[in-house]
Amino acid sequence: MTATLNIKRPTPHVAEVWLNRPEVRNAFNDGVIAELTAAFRAFAEDKELRAVILAGEGKAFCAGADLNWMRAMADYSWEQNRADAEGLAEMLWAIYSCPVPVVGRIHGDCYAGGVGLAAVCDILVAAEGVNFCLSEAKLGLLPATIGPYVVRALGERASQRYFLTAERFDAATAKSLGFVHECVAPDLLDQQVQTIVAALVVNGPAAVKACKRLVQDLAGQPITPALRADTAKRIADIRASAEGKEGVQSFLQKRPAAWLS
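Let us look at the structure shown here. Since this is a predicted model, take the numbers as computed values, not measurements.

Moving on, we get to the layout of surface pockets. In this model, the largest pocket occupies a volume close to 930 Å³. Lining of the largest pocket is provided by 33 residues; of these, Ala65, Met70, Met73, Glu136 and Leu141 occupy positions nearest its centre. When contributions to the lining of the largest pocket are tallied by element, the ones reaching two or more residues are helix H2 (67-73) and helix H3 (78-96). Here the lining of the largest pocket gets six residues from one element, more than from any other, and that element is H3. Partitioning the lining of the largest pocket into residue classes produces 21 nonpolar, six polar and six charged. Approximately 500 Å³ is the volume attributed to the second largest pocket. Lining the second largest pocket are 22 residues, and of these Tyr96, Cys121, Asp122, Val215 and Gln216 sit closest to its centre. Of all the elements, helix H9 (residues 205-218) adds the most residues to the lining of the second largest pocket, at five residues. Taken together, the residues of the lining of the second largest pocket break down into 16 nonpolar, three polar and three charged.

As structure tokens, this is what we get:
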């Protein structure tokens, strides 16, 4: 446990990161940002890890920026504001670029920067009744730092609406837009998260990481000769790898793969 996070390791292959500021609905400040950045940079180097769950303690996943932190920022110079925003950008990138898949467990409110945290997860499971809100415009601001990830995850058209209007939208709407993958009753939230984690950890560890990178690299790209050559190289590389050979042989021989032992 750190000052603002509760990090658990229920198995060698799974880590859980719980935002642990329930008294402020897990609103983040510079401390949370620094600790999340450090945690996910460490996960990126962890050879045993196959899945990370990102969740929040208390009544909400994340209500965005901490009010006291926002009050302090009101007196920041332009240079201080940029440095502060760059810290948030590094944190989001650390989660998004972490080679291990990240499953977001969303409950309660998910507002502003909290939507950014949700957007950098690879798979999102939300409880019915969750409210999402990109509320920055209400404060005369804009969701710039989280924007690249939200637009990718929510889609351009929906982002245009919710960036501009700052309306709330519920978990069912988020699922219909493709932002949320599963929307379940609150009492089934943990069960659904564990079902997804169980599916992740039985797959080839290197293959899962390669699949995550593949989606990120292919999204929005034109299908050019260079891209076709790159994807051919990727499949050749993994077929020739020890894990790829073991996976095919275990399938043909009808036995569990070595990574399941």
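Continuing now.
Before going further, it helps to spend a moment on the packing of helix H5 (residues 147-154) against helix H6 (residues 156-165). It is at 7 Å that the axes of H5 and H6 come closest, and there the two elements cross at 125°. Judged by the inter-axis angle, H5 sits oblique to H6. Crossing of H5 against H6: the hand is right-handed. In this structure, H5 uses Gly147, Val150, Val151 and Leu154 to contact H6, whose residues at the interface are Glu156, Ala158, Ser159, Tyr162 and Phe163. Here the residues of the contact of H5 with H6 are counted per class, giving six nonpolar, two polar and one charged.

This part takes up the environment of Ser241. Mapped onto the fold, Ser241 is located in the loop between helix H10 (225-240) and helix H11 (242-252). Taking relative accessible area as the criterion, Ser241 reaches 24% and is therefore assigned partly exposed. Residues Ser241 and Ala206, spaced 35 residues apart in sequence, show a C-alpha to C-alpha distance of 9.5 Å. A distance of 3.0 Å separates a polar side-chain atom of Ser241 from the backbone nitrogen of Gly244.

This brings us to the sheet that holds strand E3 (residues 51-56). Pairing is mixed across the open sheet formed by six strands, whose spatial order is E1-E2-E3-E4-E6-E9. Strands at the two margins of the open sheet, each flanked by one partner only, are strand E1 (5-11) and strand E9 (182-184). Along the sheet, successive strands turn relative to each other by an average axial angle of 20°, direction set aside. In this structure, E1 lies alongside strand E2 (residues 14-19), joined through five bridges in antiparallel fashion. Looking across to E2, one finds that Thr11 is bridged to Val14. Packed onto the sheet, helix H1 (residues 30-44) meets E1, E2, E3 and strand E4 (102-106) and runs at close to 175° relative to E2.

The next subject is unusual backbone geometry. Phi angles above zero are rare outside glycine, and Asn26 is one such case at about 60°. Relative to the elements of secondary structure, Asn26 occurs in the loop between E2 and H1. Relative accessible area serves as the criterion here: at 2%, Asn26 is assigned to the buried category. In this structure, Ala166 is a non-glycine residue whose phi angle is positive, near 55°. Turning to its location among the elements, Ala166 is positioned in the loop between H6 and strand E8 (168-170).

The next thing to look at is the nonpolar core. Judged by nonpolar contacts, the single largest core of 66 residues is most densely connected at Leu36, Phe40, Phe43, Val52, Ile106, Phe132 and Phe179. Non-local contacts of Val52, meaning those with residues more than four positions away in its chain, are made with Ala15, Val17, Phe40, Phe43, Val100, Pro101, Val102 and Val103.

Bringing empty space enclosed by the protein into the picture now. Enumeration according to the criterion identifies one cavity of 30 Å³ or more in this entry. Of the volumes computed, that of the largest cavity is approximately 30 Å³. Lining the largest cavity we find Leu49, Arg50, Val100, Pro101, Pro205, Val208 and Lys209. Taken together, the residues that form the lining of the largest cavity break down as five nonpolar, no polar and two charged.

About the thresholds
- Residues numbered from 1 in each chain as written.
- Predicted model: local features only at pLDDT ≥ 70, side-chain atom pairs only at ≥ 80, totals over all residues.
- Heavy atoms only, no water.
- 1 Å grid on protein atoms, 1.4 Å probe; cavity = no way out; pocket = protein on both sides within 12 Å on 5 of 7 lines; lining within 4 Å.
- Points joined across faces, edges and corners; volume = space filled by probe spheres on them.
- Helix = DSSP H or I, 4+ residues; strand = E, 2+ residues; numbered from the N terminus.
- Nonpolar A, V, L, I, M, F, W, Y, C, P; charged D, E, K, R; others polar.
- Axes fitted to C-alpha atoms, helices over the stretch in contact; angles between N-to-C directions.
- Parallel < 35°, antiparallel > 145°, perpendicular 65-115°, else oblique.
- Left-handed = near helix turned anticlockwise from the far one by under 90°.
- Contact = heavy atoms within 4.5 Å.
- Buried < 20%, exposed > 50% of the residue type's maximum accessible area, 1.4 Å probe, protein only.
- Polar contact = N/O pair within 3.5 Å; in protein donor to acceptor, adjacent residues only side chain to side chain.
- Pairing = 2+ DSSP bridges.
- Core = buried A, V, L, I, M, F, W, Y, C linked by side-chain atoms within 4.5 Å.

Keep in mind these values describe shape, not function.
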